[in-house]
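Here are the chains, one letter per residue:
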Amino acid sequence: MIHRFADCTLDTGRHELCRGGEVVHVEPQVFALLAMMAGSGGAVVSKDELVATVWNGLNVSDATISARINAARKAVGDDGTAQRVIRTVPKLGFQMVAPVEVEGAAPSRPAAAPAIRYTTSADGEVIAHAHHGAGPPLVRVGHWLSHLELDWDCPVWQPLMARLGEHFTLYRYDQRGTGLSTRATDNLSLDAFAEDLAAVVEANGLEQVAIFAASQAVPVALRFAAKHPERVSRMALYGGYSVGRVYREAAPGEVNEETILGLIRAGWGREGSAFLNAFSALFMPDATPEQLKSFVRIQQQSVSAESAALLRQAVDRLVVEDDLAHVTAPVLLAHAREDAIHPFSQSQRMAARLPDARLMMLDTRNHVPLPQDESWEKLMQAVISFCGGGDG
């Protein structure tokens, strides 16, 4: 929807704020706050309502709320003294006092997940894949835990897929051993994973693609790009590595393989288990209860605990150091500053060895990108611009 007030235009479809015809950059939480206020119909919005919508019910301080209100006012040319756009109502909350004109309707995604298709990899294993959106092709490389149908409604992955689908035709697939792809497989080699990616590209008739890969999908994408340089235009790689956990010296605070395997075997797919609590703390410490519940559901339906442990052991042994010099496509490396799963130093290492790479550090502790995290919007904008789905 497009909201017009004062000299501002707030476009929720494009996630864009303009003032006086100029684009104004705001953090995701500030944008969400403005969207909520603009859509309130002039009603007073309480702090509890703001927290429920903007912060997904997380416990935040009054100082944090005040800081976001001040940032929102500054973005729209208001201040705490004039309060011509956003008024503070003592002991009640905040009110949008500037008249708001609304155009259009919020874009909606299809009620059902996109059609699932199947192809076979080089060794005959079946790989499930799907695509949606419009624009240049972008392939999201399959990773440790995914499910093509369940991901569509997952509060972690659905916002990412919807955002990328606004700018690209997004192709995605379930990694072998997980989701709707072959579950029972003995071949968990790096080359096998790269051949799965190649099979999906070939099945969709794609001559050249941009690639988005996260975590253990990063070495898979690099192996594919080194073997098929003519098929890759650009790559955006988030939170990845070139040397698997087993073969690298542990960084301060990095969790080891034995810990992760023990947690998997102790509580895979169970709410309230030690694994889930530890996973939350390590992989996505800022996840909401809804996001964690969705993760448990995907665990239960995507892969067994035994297979998850085998996959974890396989991806912890992936090494692509020798491939880096053969990757000719430009590469964007994004990495969380406080990543406890794969340290930032791994992206630094790749940036130094890839022929054409740039490095972006995100000020977050979440290995899994979360849409409520302020760094999420920065990552999305960078991926869209770098991979050719935007004007930047």
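Right, let's walk through the structure included here. Keep in mind it's a predicted model, so treat the numbers as computed, not measured.

Next up on the list: helix α2 (residues 47-54). Residues L50, V51 and V54 constitute the buried set of α2. An end-on view of α2 places all buried positions within 100° of arc, on one side of the element. Where the residues of α2 are buried, they touch α1 (28-38), β5 (44-45), α3 (62-75) and β7 (93-96). N56, located one to two residues past α2, shows a positive phi value of around 55°.

Under the counting rule described, the total for this entry stands at 18 salt bridges. Notably, a salt bridge pairs K227 with E195, separated by 3.5 Å at the nearest N-O pair. Taken together, the residues K227 in helix α6 (residues 217-227) and E195 in helix α5 (residues 190-203) connect sequence positions 32 residues apart. Of the charged contacts, one joins R223 and D323 as a salt bridge, the two residues approaching to 2.7 Å between their closest N and O atoms. Here the residue R223 occupies a position in helix α6, and D323 occupies one in the loop between α10 (305-315) and β15 (331-336), the gap between them amounting to 100 residues. For the pair R223 and D323, a shared accessibility class is recorded, and that class is buried. Through salt bridges with shared partners, one network takes in D123, R176 and D196.

Attention shifts here to the sheet that holds strand β2 (residues 8-11). The five strands lie next to each other as β4-β3-β2-β1-β8, forming an open sheet whose pairing is antiparallel. Where the open sheet ends on each side, the last strands, each with one partner, are β4 (22-24) and β8 (101-103). Averaged over all neighbouring strand pairs, the angle between strand axes comes to 25°, with direction disregarded. Pairing geometry for strand β3 (residues 16-19) and β4, over three bridges, is antiparallel. Note that in β4 the partner of R19 across the bridge is E22.

Basis of the calculations
Residues numbered from 1 in each chain as written. Predicted model: local features only at pLDDT ≥ 70, side-chain atom pairs only at ≥ 80, totals over all residues. Heavy atoms only, no water. Buried < 20%, exposed > 50% of the residue type's maximum accessible area, 1.4 Å probe, protein only. Helix = DSSP H or I, 4+ residues; strand = E, 2+ residues; numbered from the N terminus. Arc of directions from axis to C-beta. Contact = heavy atoms within 4.5 Å. Salt bridge = Lys/Arg side-chain N within 4 Å of Asp/Glu carboxyl O. Pairing = 2+ DSSP bridges. Axes fitted to C-alpha atoms, helices over the stretch in contact; angles between N-to-C directions.

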